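# Tertiary structure, described
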Number of protein chains: 2
Amino acid sequence: MELLDTMLMTPGPVHLDSEVLLAGARQLRHHRTNDFAPIYKECVELLKKFFGTTQHLYLTTSSGTGGMETAVANLFNEGETVLTVQTGVFGVRFTQICEAFRLKPVVLKCEDGKAVTIDQIDEALKKHPEISGITVTFNETSTGICNDIQAIGNFLKDKGKILIVDGVSGLGALPFKMDDWHVDVTVSASQKGFLAPPGVGMVALSDKAWKKVETVKCHGYYFDLKLYKRDQEQAIPAYPWTPAINVMFSLQEALRKIDRIGLDNCIKHYAKLAGGLRAGLKALGLKLFTEEKATSNVLTVFYAPEGIAPKEIVSEMRNKYGILIAGGQEQFAATLLRITTIGAIGERDLLGTIALLEMILKKKGYLKQTGAGINAMMDYFLKHE
Amino acid sequence: MELLDTMLMTPGPVHLDSEVLLAGARQLRHHRTNDFAPIYKECVELLKKFFGTTQHLYLTTSSGTGGMETAVANLFNEGETVLTVQTGVFGVRFTQICEAFRLKPVVLKCEDGKAVTIDQIDEALKKHPEISGITVTFNETSTGICNDIQAIGNFLKDKGKILIVDGVSGLGALPFKMDDWHVDVTVSASQKGFLAPPGVGMVALSDKAWKKVETVKCHGYYFDLKLYKRDQEQAIPAYPWTPAINVMFSLQEALRKIDRIGLDNCIKHYAKLAGGLRAGLKALGLKLFTEEKATSNVLTVFYAPEGIAPKEIVSEMRNKYGILIAGGQEQFAATLLRITTIGAIGERDLLGTIALLEMILKKKGYLKQTGAGINAMMDYFLKHE
């Protein structure tokens, strides 16, 4: 439906509001002058607040994967052993990055739909005492699993390991306290919970992590954090290379907006949207993929009704109605659907989405009549006003 | 002067027009759908045309330095010897990237203000027959030197070396024919001659270079071109990671505009602006830094009058009049000035710039009266209509 923008309810980049988009259309400002430096500084300061850290934070011109690479490249020397926890595609990605940097990843693959447990980590560490770092996905976009970083951080805090958290899709959308939870490195990016266009990666480090960085000879140049630190500490704080200036304009606008609304209120808003969606899906008899205690409010992952291919639902929703939801990734392509509940979206958008889903499921013969899902969602929203 | 946008006449990001800026403010489109793929494809096709290649071209979410790193990371295995030609700061950067990847860079440092010669390259190759690749800066932003890539490519064509050209600030602004000139890898970025915001890097490769890539085990993941090739060849062509979607919207708009105007006409326009600027500067008795035969039309580098610090001129021009020109980099900070003549700018902007420069130089006591520079520039423009 070309008349309207396709609304992104995918766990990739999220739907943005017009203030943030238009901020990105401002004329360029030179990145090594005081025309730009205050924007850079404000983004770093607000992000530190939203990460829950008072320590180090650097921005890269990259996607979130670039941020993940930055963490690995700076924290480990060739040959070190790293435990990579896999609860989905993005956990696997950390393993692949470690391999590309000639580290020795020890893989901890969790059961489908389940978060990692402390016991599993404990066991791996006992079996491989040489492990010097651990990567964990906070919110796993491919499976909707939210790992308990607070518990993991508390468990690891005196063990001398570096805890690296992929917070790409979780930060800004779920409660996260980097310093209180003893996280050493947190990676994120502009295009999810921080409600800005893609193009800016974020890497925050504890003092402990920074001490490790100083002992590592980074293999690579573009993501060498020592250069980022050097340039951030100049009289005019800057990136070492040319930043994605217009994305930074948008990011500043988005972070100011989050700060004005209050990060906690944004998080509550998403929790309500996700709660309403889950209530609606359950009322339609659809089964959720993720175990309840690890369910994320960023996205809801559920099984398509038997006999209906997820991609049929996705393409009808997009082509006919202008809403983009996602199917499952890789081995889940034929069974799962994913709907995101973060971005510049509200109840109105979720109500429209569940109603459209019902219409499609009725046409495909799964539902005899429409109404159960949308009514359950309305009830939920009314109860949680 | 806050009333007006500061106009960028720096050799960093260039001044953009409003169509390109506003294109970047469109609502996001998901990067793995047919909403976005045609934009990606069109950018790749137009860039191949402007690079003068029919071979391989990939886009990264990064600055130009990320593109340079991509070239080094994919073309060489640890321990290989690479000749890095230095005609300024960006030549040095290639040496540093090679060091960061544990290669053995052989440095060919050229005289201040002079381009590299074939004899110098020949001599280095004879001395170090183990050299497997050569990096050269096409247009050196720090010194205004334009190296003769055509001659270098012709000289190297049967020697079995990989010629890597940093075309970040030259492409789109100066004549360049990658295939005809036997260049193996050409790097560029969105924010200079391609008239778009920063955030997109570009790496083009010859078939010969790609064959080499296939033998290299890339140290790193984010810039691994094998993954870029895999995803570009999918049914829905894509980046392997999330691209800077809004920068791509702007880039598409800018590339279409260049194509509409005609790349050759853009190049002629910049040549005229640069010619007018040089005529004006000479009429003011100011001395150009770069030897004449290697002078670039992208930017003009000249000595500040003795006794006047470049930074005083730069800051008065910016703070009072809203035009940002640049001082020299590193060892040239106290002597050189740089003015760029590419971007969405015209004669009007150069006329304003030279007149303001005259006013400042009169106030500082270098000029007794104003008029010589602007008159020479007007004459030049009239003669070259």
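Just so you know, the residues in each chain are numbered from 1, in the order the chain's sequence is written. In the order they appear in the text, chains get letters beginning with A and ligands get numbers beginning with 1. At least 70 in pLDDT is required for a residue's local features to be given in this predicted model, at least 80 for side-chain atom pairs to be given and counted, and no such filter applies to totals for whole chains, interfaces and linings, which use all residues.

### Focus: the interface of chain A and chain B
Distance between backbone-placed C-beta atoms decides contact: two residues are in contact if it is within 7 Å. Of the residues lining the interface, 47 residues belong to chain A; the matching set on chain B comes to 47 residues. Secondary structure follows DSSP: runs of H or I at least 4 residues long count as helices, runs of E at least 2 residues long count as strands, and numbering of each begins at the N terminus. The biggest single contributor to the side of chain A that touches chain B is helix 3 (residues 64-75) of chain A, with four residues. The classification used treats Ala, Val, Leu, Ile, Met, Phe, Trp, Tyr, Cys and Pro as nonpolar, Asp, Glu, Lys and Arg as charged, and all other residues, Gly among them, as polar. Of the residues in the side of chain A that touches chain B, the class split is 21 nonpolar, 21 polar and five charged.

### A look at the sheet that holds strand 13 (residues 326-327) of chain A
Residues and elements named next belong to chain A. The rule for pairing is simple: two strands pair if DSSP sees at least two bridges between them. Strand order in the open sheet formed by three strands is 11-14-13, with antiparallel pairing between adjacent strands. Each edge of the open sheet is held by one strand with a lone partner, namely strand 11 (299-303) and strand 13. With two bridges joining them, strand 13 and strand 14 (residues 336-340) adopt antiparallel strand pairing. By the bridge assignment, Gly327 is partnered in strand 14 with Leu337. Strand contacts of helix 10 (residues 263-283): strand 11 and strand 14, with the helix running at about 10° to strand 11, the strand carrying the most contacts. A fitted line through C-alpha atoms serves as each axis, taken over the contacting stretch for helices, and the angle formed by two N-to-C directions is quoted from 0 to 180°.

### Here we look at the domain arrangement of chain A
All names here are of chain A. Each domain span listed reflects an automatic or database assignment of domains. When the domains of chain A are assigned, the result is domain 1 (7-12 + 263-383) and domain 2 (18-260). Computed over C-alpha atoms, the centres of domain 1 and domain 2 are 28 Å apart. Contact residues are listed per partner, giving 22 residues for domain 1 and 22 residues for domain 2. Contributions of two or more residues to the side of domain 1 that touches domain 2 are made by helix 10 and strand 11. For the side of domain 1 that touches domain 2, the leading source of residues is helix 10, giving four residues.

### Here's the deal with the environment of Glu292 of chain A
In this fold, Glu292 of chain A is placed in the loop between helix 10 and strand 11. As for Glu292 of chain A and Ile145 of chain A, which are separated by 147 residues in sequence, their C-alpha atoms are 9.3 Å apart.

### Quick word on unusual backbone geometry
Non-glycine residue Glu330 of chain A carries a positive phi angle of around 50°. With respect to the helices and strands, the residue Glu330 of chain A is situated in the loop between strand 13 and strand 14.

### Points about helix 13 (residues 372-383) of chain A
A helix is expected to span 1.5 Å for every residue after the first. Across its 12 residues, helix 13 of chain A extends 17 Å between first and last C-alpha, which sits within 8% of the 16 Å expected from 1.5 Å per residue. Elements that come into contact with the buried residues of helix 13 of chain A comprise helix 10 and helix 12 (347-363) of chain A.

### Some points on the packing of helix 2 (residues 37-51) of chain B against helix 9 (residues 245-261) of chain B
All names here are of chain B. Where helix 2 meets helix 9, the closest approach of the two axes is 10 Å, and the angle between their N-to-C directions is 40°. Put simply, helix 2 runs oblique to helix 9. Crossing of helix 2 over helix 9 shows left-handed handedness. Judged by residue contacts, Ile39, Tyr40, Glu42, Cys43, Leu46, Leu47 and Phe50 of helix 2 engage Met248, Phe249, Leu251, Gln252, Leu255, Ile258 and Asp259 from helix 9. Grouping the amino acids of the contact of helix 2 with helix 9 by side-chain chemistry returns 11 nonpolar, one polar and two charged. By definition in this entry, angles of less than 35 degrees are roughly parallel, angles greater than 145 are roughly antiparallel, angles of 65 to 115 are roughly perpendicular, and the rest are oblique. Handedness of a helix crossing follows the sense of rotation of the near helix relative to the far helix, less than a right angle counterclockwise being left-handed and clockwise being right-handed.

### With respect to the relation of the copies chain A and chain B
Fitting of the copies onto one another was done by least squares over C-alpha atoms, counting residues only where both copies have pLDDT of at least 70. Mapping chain A onto chain B is achieved by rotating through 180° and translating by 0.0 Å along the same axis, at an RMSD of 0.0 Å. Such a turn and shift between the copies fits a two-fold axis. Same-surface contact between copies: 100% of interface residues of chain A are shared with the interface of chain B.

### Re helix 9 of chain B
Compared with the 24 Å implied by 1.5 Å per residue over 17 residues, the 25 Å span of helix 9 of chain B between its first and last C-alpha is a close match. Most of helix 9 of chain B sits out of view: 12 of its 17 residues are buried. Exposure is read from a count of other C-beta atoms within 10 Å of each residue's own; the residue is exposed at 12 or fewer, buried at 20 or more and partly exposed in between. C-beta atoms are placed from the backbone. Looking only at helix 9 of chain B, the buried set comprises Ile245, Asn246, Val247, Met248, Phe249, Ser250, Leu251, Gln252, Glu253, Ala254, Leu255 and Ile258 of chain B. Considering only its buried residues, helix 9 of chain B is in contact with helix 9 (245-261) of chain A together with helix 1 (18-23), helix 2, strand 10 (200-205) and helix 10 (263-283) of chain B. Two residues or fewer past helix 9 of chain B, Gly262 of chain B is found with a positive phi of approximately 100°.

### Observations concerning the pairing of strand 14 of chain A
Residues and elements named next belong to chain A. Counting buried positions along strand 14 gives five out of five residues, so the element sits mostly inside the fold. Neither face of strand 14 is open: one carries Leu336, Arg338 and Thr340, the other Leu337 and Ile339, and all of them are buried. Examined bridge by bridge, strand 11 and strand 14 share five bridges and lie antiparallel to one another. Pairing of Tyr303 across the sheet is with Leu336, part of strand 14.

### Looking at the nonpolar core
Note on definitions: a nonpolar core is a set of buried residues drawn from Ala, Val, Leu, Ile, Met, Phe, Trp, Tyr and Cys, linked by C-beta atoms within 7 Å. With 251 residues, the main nonpolar core has Val185 of chain A together with Val185 of chain B as its most contacted residues. Beyond its immediate sequence surroundings of up to four residues, Val185 of chain A is in contact with Ala71, Leu75, Ile162, Ile164, Val165, Val203, Leu205 and Ala209 of chain A.

### Observations regarding the confidence of the model for chain A
Of the residues in chain A, 100% have a pLDDT of 70 or more, and the chain-wide mean is 97. Prediction confidence for the complex, expressed as pTM and ipTM, is 0.97 and 0.96 respectively. Scored between 0 and 100, pLDDT is the confidence that the predictor attaches to each residue.

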